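Chains, contacts and geometry: an overview
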Amino acid sequence: MKKKIIATALLASLLGACATVPTPLQGTFAKTTPRDAVTQPATQPVRWGGQIIKVEPKADTTCFEIIARTLDMAARPERTKDGSDGRFIACHAGFYDPEEY
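Keep in mind that this is a model prediction, so the values were computed, not measured.

Section: the nonpolar core
If you look at the biggest cluster of nonpolar residues, it comprises five residues: V55, F64, I66, A68 and F88. At three residues, the largest contribution of residues to this core is made by strand β2 (residues 61-69). In this view, V55 contacts T62, C63, F64, Y96, P98 and Y101; residues no more than four positions away in its chain are not counted.

Shown next as C-alpha cells:
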C-alpha cells in the first residue's frame, strides 16, 4: 500500500514537471511587478497575470482590470487568497465579450 502511494506521488510530480509555458508566453521578461511599475516603469517586456475583476468593452478596444498574482512555472496565475502585487489594466484591440471573461 505504501509503495502505491509513493509511486502515485512520484508520477504526479513527474507529470507536473512536464508543464510548459505556452508558446506566446515564452521568452525573457523583466521581473518588474505591477506594484514596482508604479514607481519605476518597466522599460522591457513584462509577463503579468492574475484574476480578471472587471471588463470594459468599447467599440474598438476592450480593457481588463486584473488583480495581479504570481505566475507558476507554466505561466498560470497561482491561486492564492492572501496578498497580491496590486492591480493593472490590460487593453486589447477589438471587442471581447465580458460574459466570456
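The rest of the description comes next.
Regarding the state of the cysteines
Counted under the stated rule, the structure contains one disulfide. With a sulfur-sulfur separation of 2.0 Å, C63 is cross-linked through a disulfide to C91. An S-S torsion of about 105 degrees defines the bridge between C63 and C91 as right-handed. Highlighted residues: C63 in strand β2 and C91 in strand β3 (residues 87-93), separated in sequence by 28 residues. What makes C91 partly exposed here is its relative accessible area of 47%.

Some points on the layout of surface pockets
Considered as a void within the structure, the largest pocket measures approximately 340 Å³ in volume. Lining of the largest pocket is provided by 19 residues; of these, A30, K31, R47, W48 and L71 occupy positions nearest its centre. Here the lining of the largest pocket is composed, by residue class, of ten nonpolar, four polar and five charged. Taken as a whole, the second largest pocket holds about 270 Å³ of empty space. Along its surface, the second largest pocket is lined by W48, G49, G50, I52, F64, I66, F88, A90, C91, H92 and Y101. Elements represented by at least two residues in the lining of the second largest pocket include exactly β1 (49-57), β2 and β3. With four residues, β3 is the largest single contributor of residues to the lining of the second largest pocket.

Observations concerning the pattern of salt bridges
Tallied over the full model, the rule gives two salt bridges. The partner of K58 in a salt bridge is E56, with the nearest N and O atoms 3.8 Å apart. Under the relative-accessibility criterion, K58 is labelled partly exposed at 44%. Measuring nitrogen to oxygen at the nearest pair gives 3.1 Å for the salt bridge that ties E65 to R87. Taken together, the residues E65 in strand β2 and R87 in strand β3 connect sequence positions 22 residues apart. Overall, E65 belongs to the partly exposed group, its relative accessible area being 21%.

Calculation rules
- Residues numbered from 1 in each chain as written.
- Predicted model: local features only at pLDDT ≥ 70, side-chain atom pairs only at ≥ 80, totals over all residues.
- Heavy atoms only, no water.
- Core = buried A, V, L, I, M, F, W, Y, C linked by side-chain atoms within 4.5 Å.
- Buried < 20%, exposed > 50% of the residue type's maximum accessible area, 1.4 Å probe, protein only.
- Helix = DSSP H or I, 4+ residues; strand = E, 2+ residues; numbered from the N terminus.
- Contact = heavy atoms within 4.5 Å.
- Disulfide = S-S within 2.5 Å.
- 1 Å grid on protein atoms, 1.4 Å probe; cavity = no way out; pocket = protein on both sides within 12 Å on 5 of 7 lines; lining within 4 Å.
- Points joined across faces, edges and corners; volume = space filled by probe spheres on them.
- Nonpolar A, V, L, I, M, F, W, Y, C, P; charged D, E, K, R; others polar.
- Salt bridge = Lys/Arg side-chain N within 4 Å of Asp/Glu carboxyl O.

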